[in-house]
Structures are given as C-alpha cells and as structure tokens.
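What the coordinates show
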Amino acid sequence: MTEPNTQKEWPLWEVFVRSRAGLDHKHCGSLHATDAAMAIQMARDVYTRRQEGSSVWVVPSAAITASDPGDKAMYFDPAEDKVYRHPTFYKLPSEVDHM
Amino acid sequence: MTASIQIHRSLPQQYLLRLGDTCLILGQRLGEWCGHAPVLEEDIALTNMALDLIGQARALLTHAGRAQGFDEDQLAFLRDERDYLNPTLVELPNGPGRPGDFALTVQRNLMVATLLKLLWQKLADSSDAELAAIAGKAIKEARYHQQHAADWVVRLGDGTEESHRRSQDALNALWRYTPELFEADAVDDAAVASGLGPRWADVRADWAAEVGEVLAEAGLTIPAESPFRSSGKRGVHTEHMGYILAEMQQLQRAFPGGAW
C-alpha cells in the first residue's frame, strides 16, 4: 500500500435535520459519502431513524468556514458586559405583548 | 416443546407465508452485514432495512398463524425447512464468504424490493383488511429499499472496472432465480379469486420494466433466459436454507419459549 489512506476516504458532509415540530434545520452530526445524493440517503439512515426528522440538508464540510478558536476571546468576550444591547429596557405596548 | 410445529398449509396461509418468509429470510441475510458493511453509514442502512423486513415478517406471520393458534415466534423458529415458502432467491448467501459480496447484496435487494413494492401496492386493496393495513405501512419501506438498492446498482455498475465486473457477476448469478418469483399456481389463483391479493405473475411486466431501467442505467447486461427453475415457494430449498434455519432456530430450540 503506497497510497495514503486519506486518498481513499470519502468526503465529509455536515448534516442538518429539521425536526417534526421545528421550523429550523439543526446541525446534528456528520458522515462520509461520495456525493450529495448519497449523503442525503445516508443522513436519512444515520440521523432520522428515531423519527427525528421531516427534512434533511447536507453541506460539504469543506464548504464551511469556521471562526478560529484562538479568536474566541477577541470575538465574543467583549459582548459580555453590553447588556444594553438586549432590548429589555423598553415597555412594549400591550398590542405587541407576544414578542 | 422443541418439536417442530405442523402447519395446515391452506392456500391462503401459503400465500401469506410466501410473503412473510420472503421478508423474514431476506431480513436475516441483510442482518449478516451488521458490523461488517463497507462503511459505517451503509452498515446502519442495511441493518435498518433488515429490521424493516423483520417487522413486515412479524406482522405477516402473526396474521398467517392466528387461525391455527400459532404466534409469530413459533412460525419463524419452529417450522421445518419444507414449510418455509420463500422464493429461493432470498435464501442464497450474500456471496462467497461472510459477510459476502456487497454488489450481490444490492442487486438482490433491487430485485426483491421492486417485487415487494409492486405487490404491496396491489395488496393495499386486499379483501383481507389486516393484510391491506400491513401493505399500507410496508409500501413506504419498500419504496425506500428499492431506491437505495437502485442507487447502488447504478453506482457500482457504472463505477470502476472492478465494481462493474463484480456487479455483472452478481447479476449473472442471481438472474436465473428470478423466473420463480413469477410462476403462478393454485395458491395465486385462490388469492385472486378471494380478493386476498394478486398473482405474483401479475406484477412481472412492471417488475421487468423497473428493474430493466436500473440495470440499463448501470450499464449491465441482462443474462439470457435459462430453463432452470428454482422451487423455494413450494418449500423445496437449496442447501443454503438449512444453514440459515440452523442459525435462526438454534436459540429457540435450545431454550424453548425463551424471551428477553
């Protein structure tokens, strides 16, 4: 075997499932498949066996650009003490009470 | 208690057992892939389908045994080989060695899933309300099994040189067992007369068209018709059947009525 193992491995896909009651697709895991059609089929078998889903999306993992974990402090910590960004200081008119 | 049960083999019971045993034995064969499939995702898919088939078998055997007071377990585990009425196609091994050949497994799944889907479609209108209800649920499962198998048959047939060769070999090995699926006899005639269900022969044209379309897309050549006829639906099985039954029945025979 001269060929490295990674050459033979199928590409990775991220799987998003919309639950029966839910409105949005939620990330639920990943799997290996040769193409999008196979990924959808396998997502059905791997992630919706227990009635979890009513719709499935798959996205090539390589297509996702993620923030750098090293930037976590710089990116997210400054929001910690900015409570005024939450719209909780307004008295809402009763007509819009269910916001 | 470990003795075999004797079934009546009335015509309607044989009709139900042919269906139920087809699901039972193919489910057992697919179950052999558990933990051995080429990739994890496919392992789960094959096991899901095995369980779908076992579920269908449970419903059908429960129904088939009720008149005679037998339950699903007795019918599944305590019959003698000659009283299993599945077509020979489903009892054949998955290929040489264990767990076998993936190309052969998906070829057979295509053949059987297409047959079952077409039968379930007609059985949904059965005069037997329980059978109609089983069909109504099973048809969705069979449609998925057919799509899953067709997808793989095309990928492998139209894939690499090796996958094409192995797919064609599998087709050549299995094809001569398909005419048996569509041989009509008194069991079928009685089912049509009572409204229980169609002759399996009635879905032959649709089956040939649907399977033929997938095989053409896969670039595979359908072998020439052979005079050979298998006979599993009449209870006369190949040497492979005894081994499956030995594995399936061993536990119930050693620990009668065992449940967990």
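The paragraphs below set out a description of the structure included in this document. Counting starts from 1 at the beginning of each chain's written sequence and moves along it residue by residue. In the order they appear in the text, chains get letters beginning with A and ligands get numbers beginning with 1. Local features in this predicted model are restricted to residues of pLDDT 70 or higher, and side-chain atom pairs are both shown and tallied only at a pLDDT of 80 or more, whereas totals for entire chains, interfaces and linings draw on every residue. No hydrogens and no water enter the side-chain calculation; it runs on all heavy atoms of the structure.

Notes on the overall build of chain B
Labels follow the DSSP assignment, with helices taken as runs of H or I lasting at least four residues and strands as runs of E lasting at least two, numbered in each case from the N terminus. Helix and strand counts for chain B stand at ten helices and zero strands. Seen in sequence order, chain B has helices and strands lined up from the N terminus as α-α-α-α-α-α-α-α-α-α. Relative to the globule expectation of 18 Å for 260 residues, the C-alpha radius of gyration of chain B, 18 Å, shows essentially globular dimensions. Taken over the C-alpha atoms alone, chain B extends approximately 55 × 40 × 35 Å along its principal axes. Sequence separation of at least 24 residues holds for 80% of the intrachain contacts in chain B that already meet a minimum separation of 6. Exposure was quantified through the Shrake-Rupley algorithm and a 1.4 Å probe, taking into account, for residues, occlusion by the shown protein chains and nothing else. Looking at chain B as shown, the accessible area adds up to about 11,100 Å², and 55% of this sits on carbon and sulfur atoms. Only four residue types enter the tally: Lys and Arg on the positive side, Asp and Glu on the negative side, with His and both chain ends excluded. By convention, the point assigned to a charge is CZ for Arg, NZ for Lys, CD for Glu and CG for Asp. Across chain B, 24 positive and 36 negative side-chain charges occur, with their mean positions spaced 3 Å apart. As defined in this context, the radius of gyration uses C-alpha atoms, and a globule is described by 2.2 Å times the residue total to the power 0.38. By the convention used here, residues are in contact when the closest approach between their heavy atoms is within 4.5 Å.

A look at helix α1 (residues 36–47) of chain A
Its twelve residues give α1 of chain A an end-to-end C-alpha distance of 15 Å, which sits within 8% of 16 Å, the value for a rise of 1.5 Å per residue. When we look at burial in α1 of chain A, the residues that qualify are Met38, Ala39, Gln41, Met42, Ala43, Asp45, Val46 and Tyr47 of chain A. Those residues of α1 of chain A that are buried are in contact with β1 (12–19), β2 (25–32) and β3 (53–60) of chain A together with α2 (40–66) and α6 (129–157) of chain B. Nitrogen and oxygen atoms within 3.5 Å of one another constitute a polar contact, given that in protein one can donate a hydrogen and the other can accept it, and given that sequence-neighbouring residues count only through two side-chain atoms. Put simply, Asp35 of chain A is the residue that caps the front of α1 of chain A, since its side-chain oxygen is 3.3 Å from the backbone nitrogen of Ala37 of chain A. Between the first and last residue of a helix there are one fewer steps than residues, each counted as 1.5 Å, and that sum is the expected span. Exposure is judged per residue with a 1.4 Å probe applied to protein chains only, and the accessible area is read against the type maximum: over 50% gives exposed, under 20% gives buried, and values in between give partly exposed.

Here we look at the environment of Pro87 of chain B
Residues and elements named next belong to chain B. Tracing the backbone shows Pro87 in the loop between α3 (72–77) and α4 (88–91). With a relative accessible area of 1%, Pro87 lands in the buried category. Sequence separation of Pro87 and Leu110 is 23 residues, and the distance between their C-alpha atoms is 15 Å. Those residues in contact with Pro87 that lie beyond four places of it in its chain are Arg18, Thr22, Glu180, Leu181, Trp200, Gly232 and Lys233.

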